[in-house]
Amino acid sequence: MQQKICSLLGALCLTCLLMTAPAQSETPFKLTKFSLEARADFDYFFHQYDQVSLEPAIDHQFGFNGKYFNLLLGGDLGHDFSFFFRQRIIAHPGSVSLFDNTDFLYLQYKFHPRWHVRLGKEALPVGGFEYDAPPIDVYYYTQYWGDFYCFQLGASLSYTDKKEQNTLTFGFGNSPYVRTAADWKDGLIGFNFLWNGNYKHFKTLYSANLYRRTTDNQWVSFIVLGNKLTFDKVGWYVDFIHKTYDFHEWFQYYLIVSRLDVQLYKGLNLFAKGGYEYNHGDDPWTMTFMDESFPSFGTHYFYGLGLEFSPLKAPNVRLHGYVAMAHMTDTQSHPQMESRTLNANLGVTWKIDFLKFFKKQYSTQSEKD
């Protein structure tokens, strides 16, 4: 058995060598990312619920919780083809499709210096800087961010201008409502148009998005305006998101979310974040379909303050802590309910860059030889 295994491995190595040898003059395969990342937090929640004609209810929740464990791979396949892959390593299978727990799995082809096309699964081209941030870097958030399932299968086409200041992306694929309202084969599709502007101190993530949300051919549109100012030690974004089912429902569903980051000194970042979500269009007594991408009929606002710290000798480790308060009014319930939640959190994020480690080891070995 051992001889067979050794023979098989030898044959495989020889095959790889034969395949790579004639391609030395061409663009070879190149791995550009190979890493693991994880985050674990300790959370304390203090909830208070007030209902009309009922006694207030209070409860406490606290404990340690693993938030993320991701595998990331990326590279160049040669001839202007590249790929990227990010998998959430979790213990239960997907319930909608094979790639439920895969955030990114796409193939990209750059057929022109300023044009590229992508096929596969990725985040829908939607604006906003809260939306654009990797989930592992988001601590407390809008209900929209938590319930909008953005990772979908589809295709996109992008154009970047000569100065690389503006990128326009058109995307076509599954609607985010596939996850909550129907099966993947029920024809729920979406159209996305995104403008990514990158100027010296000002960045934009603006988008217009149209999604089929039910099999009864009901559609919903989003207009997202993400604005960000960046300086040496300060960054500030403000996102505005508007959702509508019909033209007469303007400003019945919208949200504003903002975050300010101030680098106190190298490795130490102070941040403040707050948001307001408004939904007075999903009347619970008349709607046949409840959209979970915004709060239930009512309002939600939150605010908080926190710190991030990465040791200079261990930049791939990040400690964080924050305190945040959230208020929600839910007029869908009967009687009307209001809730207040205080969340105190301490956590750690760490990243293991295997590619960097292997390159360093190879370089050290080459110097010894």
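Residues numbered from 1 in each chain as written. Predicted model: local features only at pLDDT ≥ 70, side-chain atom pairs only at ≥ 80, totals over all residues. Heavy atoms only, no water.

**Observations concerning the side chain of Asn192**
Reasoning step 1: Within the fold, Asn192 resides in strand S8 (residues 189-198).
Reasoning step 2: For Asn192, the side chain forms a polar contact with the side chain of Asn209, separated by 2.9 Å.
Reasoning step 3: Within the local environment of Asn192, its side chain forms a polar contact with the side chain of Tyr211, the two groups lying 2.5 Å apart.
Reasoning step 4: Excluding anything up to four places from it in sequence, Asn192 contacts Leu124, Pro125, Val126, Thr169, Phe170, Gly171, Ala208, Asn209 and Tyr211. (Helix = DSSP H or I, 4+ residues; strand = E, 2+ residues; numbered from the N terminus. Polar contact = N/O pair within 3.5 Å; in protein donor to acceptor, adjacent residues only side chain to side chain. Contact = heavy atoms within 4.5 Å.)

**Regarding the packing of aromatic side chains**
Reasoning step 1: Counted under the stated rule, the structure contains 36 aromatic pairs.
Reasoning step 2: On the basis of an interplanar angle of 35° and a centroid distance of 5.2 Å, the ring pair of Phe172 and Phe191 is categorised as tilted. Taken as a pair, Phe172 in strand S7 (residues 166-174) and Phe191 in strand S8 lie far apart in primary sequence, 19 residues in all.
Reasoning step 3: Taking the relative accessible area as the measure of exposure, Phe191 reaches 31% and is therefore partly exposed.
Reasoning step 4: For the pair Trp195 and Tyr206, a centre-to-centre distance of 5.2 Å together with 80° between the ring planes defines the contact as edge-to-face. Remark: Tyr206 occurs in strand S9 (residues 202-212) and Trp195 occurs in strand S8; sequence separation between them is 11 residues.
Reasoning step 5: Take Tyr206: its relative accessible area is 25%, and that puts it in the partly exposed class.
Reasoning step 6: In this structure an aromatic cluster arises from ring pairing among Phe240, Trp250, Phe251, Tyr254, Tyr276 and Tyr278. (Phe/Tyr/Trp six-rings, centres within 6.5 Å; stacked < 30°, edge-to-face > 60°. Buried < 20%, exposed > 50% of the residue type's maximum accessible area, 1.4 Å probe, protein only.)

**Some remarks on the nonpolar core**
Reasoning step 1: If you look at the biggest cluster of nonpolar residues, it comprises 30 residues, and the most contacted ones within it are Val126, Tyr131, Tyr140, Tyr144, Phe148, Tyr211 and Phe222.
Reasoning step 2: The set of elements that each furnish at least two residues to this core consists of strand S4 (102-112), strand S10 (219-230), strand S12 (253-265) and strand S15 (317-330). (Core = buried A, V, L, I, M, F, W, Y, C linked by side-chain atoms within 4.5 Å.)

**Thoughts on the pairing of S8**
Reasoning step 1: Pairing of S7 with S8 involves nine bridges; the strand directions are antiparallel. Bridged to Asn166 within S8 is Gly197.
Reasoning step 2: Sheet analysis places S8 next to S9, joined by nine bridges and oriented antiparallel. Looking at the pairing, Asn198 lines up with Lys203 of S9. (Pairing = 2+ DSSP bridges.)

**As for the pattern of salt bridges**
Reasoning step 1: What the rule picks out here adds up to 11 salt bridges.
Reasoning step 2: For Lys67, the salt bridge is made with Asp43, and the minimal N-O distance between the two is 3.1 Å. Of this pair, Lys67 sits in strand S2 (residues 57-78) while Asp43 is found in strand S1 (residues 30-51), placing the two residues 24 residues apart along the sequence.
Reasoning step 3: On the basis of relative accessibility, which here comes to 7%, the residue Asp43 falls in the buried class.
Reasoning step 4: Salt bridges here are not isolated pairs; linked through shared partners, they connect Arg39, Asp41, Asp43 and Lys67. (Salt bridge = Lys/Arg side-chain N within 4 Å of Asp/Glu carboxyl O.)

**Side note on the side chain of Gln152**
Reasoning step 1: By the secondary structure assignment, Gln152 is in strand S6 (residues 151-160).
Reasoning step 2: Gln152 has contacts with Gly120, Lys121, Glu122, Leu124, Asn174, Ser175, Pro176 and Val178, leaving out every residue within four places of it along the chain.

**Looking at unusual backbone geometry**
Reasoning step 1: Non-glycine residue His79 carries a positive phi angle of around 55°.
Reasoning step 2: Here His79 lies in the loop between S2 and strand S3 (81-88).

**Quick look at the confidence of the model for the protein chain**
Reasoning step 1: The pLDDT averaged across the protein chain works out to 84; a share of 79% of its residues lies at or above 70.
Reasoning step 2: Contacts for the low-pLDDT stretch residues 1-25, under 50 throughout, to residues beyond four places or in other chains number zero contacts. (pLDDT = per-residue confidence, 0-100.)

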